[in-house]
Amino acid sequence: MRSKWSTGSTFSNNMEEFQTGEETTFVVDEISTIIKESVEGAIGGNAYQHSRVNQWSTNVVEQCLSQLTKLGKPFKYIVTCIIMQKNGAGLQTASSCFWDNSTDGSCTVRWENKSMYCIVSVFGLAL
Amino acid sequence: MEDYQPNDEVSFNADEASNSVKECIESILGGVDYNQNKVNQWTASIVEHSLTQLVKQGKPFKYIVNCAVMQKSGAGLHTANSCYWDTTTDGNCTVRWENRTMYCVVCVFAVAVTL
């Protein structure tokens with residue numbers, strides 16, 4: 001297995017080794033759309049509420065994961081979601097992955113409304 | 001990875017991972033206050049060092065290390081994870097750390113590699 005370091009959430013595809021078909025690659029655009037729809041559906045139009053945020057973040061990740069598994073691709077998935085109240089605080093996140101650069105990938109979507117930020121990351125690891 | 005001899009199935013050891021991540025966080029954030037200019041560097045260092053320590057264990061896993069550093073200012077923060085994997089071999093561990101001025105949450109996900 002070729003392994004490469006990648007810090008941050010960028011996905012690089014080595015075209016010269018690209019032999020697998022569409023079904024076995026991590027398509028960032030497709031995943032990005034799925035995430036946006038899941039977030040909008042779960043928390044769109046709501047203001048930050050401490051008592052509901054637990055349920056919201058659970059809904060976002062579960063909705064994303066069920067849409068991803070419906071794609072039927074040979075991948076394992078990890079979905080993470082961060083919801084933060086807008087209060088002037090600073091938040092920094094970073095990810096580092098040890099995987100196979102030619103088949104695996106990640107996608108991060110940042111969403112916000114007037115009262116909160118929502119950051120969702122999807123990591124896809126080929127089987 | 002090329003030297004690994006496949007014998008029994010190995011499962012993820014969350015305690016070991018948790019300890020090595022705690023040491024990484026302590027070495028980078030121990031004794032410092034939240035600094036907007038440096039936080040970018042800090043999170044990158046934490047994930048890279050944690051990943052290096054995990055890979056040194058030489059186990060047949062792919063890893064994802066995620067780190068969030070947040071300034072303490074009364075804001076609410078909630079994180080959730082959902083994973084679609086093989087529950088017998090794969091696993092995760094989350095380490096929460098704080099000091100006077102900031103919180104740090106590091107999540108490690110380990111996915112077994114089928115050789």
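Refer to the structure presented above.
Sequence order as written defines residue numbering, which begins from 1 separately in each chain. To label them, take the chains in the order written and letter them from A, then take the ligands in the order written and number them from 1. Restriction of local features to residues with pLDDT of at least 70 applies here, the model being predicted, together with a cutoff of 80 or more for giving and counting side-chain atom pairs; totals for whole chains, interfaces and linings are based on all residues. Values reported for side chains reflect all heavy atoms of the structure, with hydrogen atoms and water molecules removed beforehand.

*Asks:* Sorry, what's going on with the overall build of chain B here?
*Replies:* Helix and strand definitions follow DSSP, with helices as H or I runs of at least four residues and strands as E runs of at least two, each counted in order from the N terminus. Within chain B, the secondary structure is distributed over two helices and four strands. Sequence-ordered secondary structure for chain B, helices as α and strands as β, is α-α-β-β-β-β. A total of 115 residues make up chain B; the buried ones form 45% of that total. The contact criterion used is simple: two residues touch if any of their non-hydrogen atoms lie within 4.5 Å. Counting contacts in chain B only where the partners sit at least 6 residues apart, residues at least 24 apart contribute 72% of the total. A positive count includes Lys and Arg, and a negative count includes Asp and Glu. His and the chain ends are not counted in either. Charged groups are reduced to one reference atom each: NZ for lysine, CZ for arginine, CG for aspartic acid, CD for glutamic acid. The average position of the 8 basic charges and that of the 13 acidic charges among the side chains of chain B differ by 11 Å. Here the term buried applies to any residue with accessible area under 20% of the maximum for its type, exposed to any over 50%, and partly exposed to those in between, with areas from a 1.4 Å probe on protein chains only.

*Asks:* Please clarify how the interface of chain A and chain B should be interpreted in this entry.
*Replies:* By a widely used convention, the size of an interface equals the accessible area lost when the partners come together. Taken together, the 41 residues of chain A in the interface contact 42 residues of chain B. A simple way to read buried area is as the amount of 1.4 Å-probe accessible surface that goes missing from two parts once joined, with both sides added. Taken together, the two surfaces of chain A and chain B that pack against each other cover about 3,500 Å², and 61% of this comes from carbon and sulfur. We count a salt bridge whenever a side-chain nitrogen from Lys or Arg sits within 4 Å of a carboxyl oxygen from Asp or Glu. Where chain A meets chain B, there are two salt bridges. Here A:K76 ties to B:D90 by a salt bridge, and the two come within 2.9 Å at their closest N and O atoms. Polar contact is defined as a pair of N or O atoms within 3.5 Å, subject to the rule that within protein one atom must be able to donate a hydrogen and the other to accept it, and that residues adjacent in sequence are counted only when both atoms are side-chain atoms. Counting across the chain A and chain B interface gives 17 residue pairs in polar contact (both at pLDDT 80 or more). Among the secondary structure elements, those contributing two or more residues to the side of chain A that touches chain B are β1 (4-7), α2 (53-70), β2 (75-85), β3 (91-99) and β5 (116-126) of chain A. Looking at the side of chain A that touches chain B element by element, the count peaks at eleven residues for β2(A). Grouping the constituent residues of the side of chain A that touches chain B by class yields 23 nonpolar, 15 polar and three charged. Any two strands are treated as partners once DSSP identifies two or more bridges connecting them. Sheet analysis places β2(A) next to strand β2 (residues 77-84) of chain B, joined by eight bridges and oriented antiparallel. Considered in β2(B), the bridge of A:I82 is made with B:T79. Note on residue classes: Ala, Val, Leu, Ile, Met, Phe, Trp, Tyr, Cys and Pro are nonpolar, Asp, Glu, Lys and Arg are charged, and everything else, Gly too, is polar.

*Asks:* How do you make sense of the pairing of strand β1 (residues 61-71) of chain B when you look at a structure like this?
*Replies:* Counting buried residues in β1(B) gives ten out of eleven residues, a clear majority hidden from the surface. In terms of strand pairing, β3(A) meets β1(B) through eight bridges, oriented antiparallel. Bridged to A:Q92 within β1(B) is B:V69. Of the strand pairs in this sheet, β1(B) and strand β4 (residues 102-112) of chain B are connected by eleven bridges, and their pairing is antiparallel. Paired with B:K62 across the two strands is B:V111, which belongs to β4(B).

*Asks:* Explanation requested: the packing of helix α1 (residues 28-43) of chain A against α2(A) in the structure shown.
*Replies:* For any two helices packed against each other, the geometry comes down to the angle between their axes and how far apart the axes lie. Residue and element names in this part refer to chain A. Note on definitions: angles span 0 to 180 degrees between N-to-C directions of axes, and those axes are lines fitted to C-alpha atoms, for helices only across the stretch in contact. One way to put it is that α1 packs onto α2 with a least axis distance of 9 Å and a crossing angle of 145 degrees. Along this stretch, α1 crosses α2, giving a crossing that reads as right-handed. Along its contact with α1, which presents I31, I34, I35, S38, V39, A42 and I43, the element α2 presents W56, N59, V60, Q63, C64, Q67 and L68. Split by residue class, the contact of α1 with α2 holds ten nonpolar, four polar and no charged. For any pair of crossing helices, the crossing counts as left-handed if the nearer helix is rotated counterclockwise from the farther one by less than a right angle, and right-handed if it is rotated clockwise.

*Asks:* Sorry if this is basic, but what is going on with helix α2 (residues 39-56) of chain B here?
*Replies:* Residues lying three or four places apart along an α-helix face the same way, a consequence of the helix completing one turn every 3.6 residues. Expected span of a helix: the number of residues minus one, times 1.5 Å. Compared with the 26 Å implied by 1.5 Å per residue over 18 residues, the 26 Å span of α2(B) between its first and last C-alpha is a close match. Two residues or fewer after α2(B) comes B:G58, characterised by a positive phi angle close to 70 degrees.

*Asks:* Looking at this structure, I do not really get the environment of A:V109. What am I missing?
*Replies:* Residues and elements named next belong to chain A. Its place among the elements puts V109 in strand β4 (residues 105-112). For the pair V109 and I119, spaced ten residues apart in sequence, the C-alpha separation works out to 5.8 Å. Every residue in contact with V109, bar those within four places of it in the chain, is listed here: S32, I35, K36, C118, I119 and V120.

*Asks:* Quick question: what am I supposed to make of the packing of aromatic side chains here?
*Replies:* In this description, an aromatic ring pair is defined by two values, namely the gap between the centres and the angle between the planes. When the centres of two rings from Phe, Tyr and Trp lie within 6.5 Å, Trp using its six-membered ring, the rings pair. Their planes under 30 degrees apart give stacked, over 60 give edge-to-face, and anything left gives tilted. Within the structure shown, the criterion is met by seven aromatic pairs over all chains. Three or more aromatic residues link up through ring pairs in this structure, and these residues are A:F26, A:F75, A:Y77 and B:Y84. Positioned over the ring face of B:Y103 is B:K72, at 4.8 Å from the centre of the ring. The criterion is that NZ of a Lys, or CZ of an Arg, lies within 6 Å of the ring centre and within 35 degrees of the ring normal, and then a charge sits over that ring.

*Asks:* I'm lost on the packing of helix α1 (residues 14-29) of chain B against α2(B) in this one. Help?
*Replies:* Residues and elements named next belong to chain B. Here α1 crosses α2 at 145 degrees, and the two axes come no closer than 9 Å. Considering how the two elements wind past one another, α1 and α2 form a crossing that is right-handed. Note on element contacts: α2 touches α1 through W42, S45, I46, H49, S50, Q53 and L54, opposite A17, S20, V21, C24, I25, I28 and L29.

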